[in-house]
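Below are the chains, spelled out letter by letter.
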Amino acid sequence: MSYFCRASTSYPGSIGVVHRSRMGKTLFFNGKMGAAAVRGIQSKGVMATAKHFLANNIENTRFYVSAEMDDKILHEVYLKQWAVIVADSAPEAVMTSYNRVQGHWANQIPKFINILRHRIGFEGWVMTDWWATMHGAMTSQERSPFHGAEGWDWFGNGSVLLTAGVDMEMPMCNFDRRGVRAMASCTMDGGQACQLRNVLDKAVARILRSKIRYGLIGRNVPPKVNPDTFTKVLGRWQRGLSDSGIAALNHLKYQQLALRIARRGMVLLKNENGLLPKPEHDVKTVAVLGTAEFLELGDRGSSDVQHSGEKISVLKGLQIKYSRSKVVHVEDVSTREGSDAVRAADLVVLDIGFDYKDEGEFIPPSIGGDRLFLGLRPDQIQLIKQVSELSSKVVLALTSGQMLVAEEFLPMVQGLIWMGYPGPLGGLALADILAGDVNPSGRLPSATPRRAEDWLPKGITLTPYDGDAEVQYPYAHGFKNMWGAAIKPRFPLGFGLSYTTFAHGQPSLKVVGDSDIPMLELSVEVVNTGKATGSEVVQVYGSCQDCQLARLPVALLGFARTGELPPGEVEVVRLTVSMRELAIYDQEQELWLLEKGHYNIMEGASADQASLGAATFEVGESLTFDYPGSRNGADVKGAGESQCHSFPCKRDEVFLQSQAEAESTAQKLWLAIIGVASVGLLLILCCLCRCFMCQCCRRSCCCCCYGSSSSSSKKQKVKRS
């Protein structure tokens, strides 16, 4: 079984809802973006692992917190995007989360993984997060209710973990290995051994199925690639080169892709008095401040992906675009030289934001974690204030994973661009937008509240990371909470400015297809009414006018980008949306329910209620349905189907002997490593003793250091003679 405890996979991103998810705060968008990432990765012949299943929203307490919610919230808020990802992209693997859900560990209760496999239709294999079954990892935090538990053993109940549907324990097959040994030694009766064998056979078969699909075993195995030797890797590293595999990549192709993504993803939020764009010929000097010489690429830990090509910071991007002679890097605005440079500049770019220390994966004891505030830090606000007092041509470029409360600093600046985490060519993409070579067309993946309190319903804590072992998860949060409570956000979901303007016609609807659950085609005319070529993003939202049962107040149903439209050009945009997205979960029937009533199907450039055009669609009778289920079967046919009423358990002496030999070899290797490390440590201590301590210590310690000193003395004597 240990053979199956490693796999070549790629993680397409965290499918989160509350904490630091980069994919937005709407279920439909979250699912669609996750599915796109999975499709892209798997199209290159690499298994994608979607994570983390389930309700992994709090970082600082993720090793013990329980996400408390009823089944309605579970399905409508935390399972719905998983259904989109599975249906649209079929990820080969899913990783479970550390946390508990409804009081149970996410990887140790059959309920959750059964829903994923048998109702949602996931046909891949399930792994745990790293060390999620290790006692030390899950009980280390002092505020954990499990802290102080005795022993250093595998955490949790092994039989529960296996029967819950987990196929692979990362990074070591702890309980799987125990199960195999128990069967081989017949420390259980025949019936138990048979049931355990069925469970393990199913797990192995699922992993083998994926390996066969990807040509890792069987007839379609690709030719073996010999990796670089250690000396070759070391030599290339010393010369500043990547390893041979990375060096063989088409860097230009992927740099062009990274640049296109960064250009399209940046969001222009403020452009007072048409300050932007600032073409090169209109600029004599550009002052740049903040962290412009650094480019934040995102998280560390398991999300730390090293770029293989060039990295262009904001400072470097501006120097490329406007030339080095025009760009002044102001490191201290409080000096006379710095303040004079800001006053004289035709454009001031202030690069500010967060990094993995502010909103990254929490790695005990203190790396990363949840963002502790929704605004900027006081020192950042102070810098913005200083700069704004010197210039009225300030553009603030923000780096963050999600929205920021902007009320404190927004009046101080004339331009605001949200960069997200823009990738390795983010600095060049920003410069392209500032100079007008690219017309910004990005849109916000979440709403921006005016106050932190607007983000969540009353009674829900704004500091869930404070240490509580159980946290109540709300039904509506973010833009849905603000929509339902009639709270106007600073920037609505989907908001973004352009250097041109667009007008949307009245949307029209028609039913398409013959599905039991209606599918609608929405059509709308979009015309470029401005003076520059640009692209618009059409967004479709839905709500119910007269439904009686509790529901989320609004849902995103679809979105589409127009082509690059010259001034005056019209494009008819057509989107197909499903009324399934407006169904609610009926806990009594354990089914989805599309309630009868009149539904508003709204279209516009953002989720600003006042600017949305609407058409009405009536559902005459309530309809129920379930998740689509598995097309080909969640389990491999024939695997794990042994009849257990008369199963004899027979000792496997060959296996037990091989395991004993392997353990003995591993033990000897471990002792050898400890021995070598001890000798090395002793030599280091001796050398330190020789170099830094008293004369008597020099004479009694470290032959190697003393010997080298003697040799040196001999050389000096030869030189004198």
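This text goes with the structure placed above it.
Reading the values: the criteria
- Residues numbered from 1 in each chain as written.
- Predicted model: local features only at pLDDT ≥ 70, side-chain atom pairs only at ≥ 80, totals over all residues.
- Heavy atoms only, no water.
- Pairing = 2+ DSSP bridges.
- Helix = DSSP H or I, 4+ residues; strand = E, 2+ residues; numbered from the N terminus.
- Axes fitted to C-alpha atoms, helices over the stretch in contact; angles between N-to-C directions.
- Left-handed = near helix turned anticlockwise from the far one by under 90°.
- Contact = heavy atoms within 4.5 Å.
- Nonpolar A, V, L, I, M, F, W, Y, C, P; charged D, E, K, R; others polar.
- Parallel < 35°, antiparallel > 145°, perpendicular 65-115°, else oblique.
- Core = buried A, V, L, I, M, F, W, Y, C linked by side-chain atoms within 4.5 Å.
- Buried < 20%, exposed > 50% of the residue type's maximum accessible area, 1.4 Å probe, protein only.
- Patch = residues over 30% accessible without salt bridge, like charges linked within 9 Å, V, L, I, M, F, W, Y side chains within 5 Å.
- Areas by Shrake-Rupley, 256 points an atom, 1.4 Å probe, with all protein chains shown as cover.
- Salt bridge = Lys/Arg side-chain N within 4 Å of Asp/Glu carboxyl O.

Chemist: Which parts of the structure should I look at to understand the sheet that holds strand β24 (residues 591-594)?
Modeler: Strands in a sheet are paired, the pairing made by backbone hydrogen bonds, and the direction either parallel or antiparallel. Sheet architecture is open: three strands sit in the order β23-β24-β27, paired in antiparallel fashion. The strands lining the two open edges of the sheet, one partner per strand, are β23 (584-586) and β27 (623-625). Taking the axes of each pair of neighbouring strands and ignoring which way they run, one obtains an average angle of 40° across the sheet. By the bridge criterion, three bridges tie β23 to β24 in an arrangement that is antiparallel. Across the sheet, Y585 pairs through a bridge with W592, a residue of β24.

Chemist: I'm lost on the packing of helix α1 (residues 27-42) against helix α2 (residues 71-89) in this one. Help?
Modeler: Angle between the axes and distance between the axes: these two values describe a pair of packed helices. Relative to each other, α1 and α2 sit at 35°, their axes nearing to 8 Å. With respect to the hand of their crossing, α1 and α2 are arranged in right-handed fashion. Residues L27, N30, G31, K32, G34, A35, V38, R39 and Q42 of α1 pack against E76, V77, K80, Q81, V84, I85, D88 and S89 of α2. Of the residues in the contact of α1 with α2, the class split is six nonpolar, six polar and five charged.

Chemist: Honestly, the packing of helix α11 (residues 314-322) against helix α15 (residues 426-435) in this entry has me stumped. Any pointers?
Modeler: Orientation of α11 relative to α15, taken along the N-to-C sense of each, is 45°, at an axis distance of 7 Å. When the interaxial angle is binned, α11 and α15 end up oblique. α15 is crossed by α11, and the crossing has right-handed handedness. Facing α11, whose interface residues are V314, G317, L318, I320, K321 and Y322, α15 presents G427, L428, L430, A431, D432, L434 and A435. Across the contact of α11 with α15, the residue classes break down as nine nonpolar, two polar and two charged.

Chemist: I keep staring at the nonpolar core and nothing clicks. Help me out?
Modeler: The nonpolar side chains of a soluble globular protein tend to be buried, and buried together. In terms of nonpolar packing, the biggest core is built from 60 residues, with L54, M69, M579, Y599 and I601 touching the most fellow members. With eight residues, α2 is the largest single contributor of residues to this core. Non-local contacts of I601, meaning those with residues more than four positions away in its chain, are made with L509, L520, L522, V540, Y541, L557, M579, L582, G613, A614, A615 and F617.

Chemist: Teacher, can you tell me more about a nonpolar patch on the surface here?
Modeler: Taken together, the side chains of L669, W670, L671, I673 and I674 present a nonpolar region at the surface, about 530 Å² in accessible area. L671 gets classed as exposed once you look at its relative accessible area, which sits at 56%.

Chemist: I keep staring at the environment of P518 and nothing clicks. Help me out?
Modeler: Following the sequence through the fold, P518 ends up in the loop between β18 (508-512) and β19 (519-528). When sequence neighbours within four positions are dropped, the list of residues in contact with P518 reads V577, S578, M579, L594, F617 and L623.

Chemist: Would you mind going over the sheet that holds strand β20 (residues 537-544) with me for this structure?
Modeler: In spatial order, the strands read β21-β20-β25-β26; together these four strands make up an open sheet with antiparallel pairing. Two strands bound the open sheet, and with one partner strand each, they are β21 (555-561) and β26 (613-619). Neighbour to neighbour, the strand axes of the sheet diverge by 20° on average, direction disregarded. Sheet topology places β20 next to β21; six bridges connect them, and they run antiparallel.

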